[in-house]
Structure formats: structure tokens, C-alpha cells
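These are the residues of each chain, in order.
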Amino acid sequence: MGKMQQVYDADKITFFEKVYQVVRLIPEGRVTSYGAIAAYLGSARSSRMVGWAMNGSHRVKPKVPAHRVVNRIGMLTGKHFFGEQNTMKHLLEKEGVKVEDDKIVDFKKHFWDPAVELLL
DNA sequence: CGATTGACGTACG
DNA sequence: TCGTACGCCAATC
């Protein structure tokens, strides 16, 4: 190991990478939730960790469409992390997802469940 | 190094 | 139906 400064645990890197990978698979115009991703990854109670993973998603490449991840009732809880307050909303509406009062309109209609769509 | 926090969600009264 | 408690665990204080 020597001067290896990577103290991250390999398994946890995988968890974070899995989160990013799932988010990258979300099609345009579709959205999912932190809990859905956590459940898909086998940790239904780790939805908060998904949030933490998303917190660092801006520095990950390829790009992670973080604006397609909202909470379980379709609220844009992460909009504050997009710089401008309405950037997340703007990105979604550009993809045909209507947002009203920081909440996705017809959330169920746009909902993309990795456990169903990815059939793993 | 213990306590707190957090882009969440479920359980329980 | 609504408010509170707690699990999850990395990062920050």
C-alpha cells in the first residue's frame, strides 16, 4: 500500500458508484427516488446514503443527472445544490417533466423504478 | 475521537 | 391523518 492515501473501503466505493450508475440509467423525462435506488441496491433503509452519494455526484464523471432524483413524494429537495434555485426545475421541465411548487406533476406517471425497469 | 448532521423513508401511536 | 422516533453511515464539527 505504501503511500496509498485511499482510505475508502472498496465495498463502499462500489455502493456510491452503483448509485451513480443507476442514476445515469434514468431516461430523459423520467425520475426516481432516493428510496427506490436504495432498495434496488439492497439497502432499503439507506436512502440517506443515496442522498450523500448524490451530494458528491457533481464531481463524478461521466455526468450524473442528479435532477432526476427526488424524494418519495416527488419534491425537488436537492434543488438547492444546483446553484441557481430553479436550475433543477428548469432541467426537468426541459425534459418534459412539469414542476409545480417544487413538486413534480404526475409523479407516478414519470416515476422510473430501477427495481422494475432494470429487472435485477 | 464522540456528537451531530443530512439531496430519505418507514414504523408507530 | 399527522407528528415523532429511529435506522442507515459518511462527512463534518
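Residues numbered from 1 in each chain as written. Chains lettered and ligands numbered in written order. Predicted model: local features only at pLDDT ≥ 70, side-chain atom pairs only at ≥ 80, totals over all residues. Heavy atoms only, no water.

1. What about the protein's contact with DNA strand B?
Then, number 1: With respect to spatial proximity, 17 residues lie near DNA strand B, and among them S47, R48, W52, M54 and R72 are the closest.
Then, number 2: For DNA strand B, the backbone makes up 45% of the atoms found within 4 Å of the protein, where backbone means sugar plus phosphate.
Then, number 3: Within the backbone of G35, one N or O atom sits 3.1 Å away from a phosphate oxygen of DNA strand B.
Then, number 4: Residue assignment for the surface near DNA strand B shows that the elements contributing at least two residues are α2 (34-40) and α3 (47-55).
Then, number 5: Residue contributions to the surface near DNA strand B peak at 6 residues, all from α3.
Then, number 6: In the surface near DNA strand B, the residues fall into 6 nonpolar, 9 polar and 2 charged. (Near = heavy atom within 4 Å. Polar contact = N/O pair within 3.5 Å; in protein donor to acceptor, adjacent residues only side chain to side chain. Helix = DSSP H or I, 4+ residues; strand = E, 2+ residues; numbered from the N terminus. Nonpolar A, V, L, I, M, F, W, Y, C, P; charged D, E, K, R; others polar.)

2. As for the layout of surface pockets
Then, number 1: Quantified by volume, the largest pocket comes out at close to 460 Å³.
Then, number 2: Lining the largest pocket we find 21 residues, and of these M54, S57, A66, F81 and F82 sit closest to its centre.
Then, number 3: Secondary-structure elements contributing two or more residues to the lining of the largest pocket are α3 and α4 (87-94).
Then, number 4: When residues in the lining of the largest pocket are grouped by element, the largest group, 5 residues, is from α3. (1 Å grid on protein atoms, 1.4 Å probe; cavity = no way out; pocket = protein on both sides within 12 Å on 5 of 7 lines; lining within 4 Å. Points joined across faces, edges and corners; volume = space filled by probe spheres on them.)

Function cannot be read off these values alone, since they describe shape.
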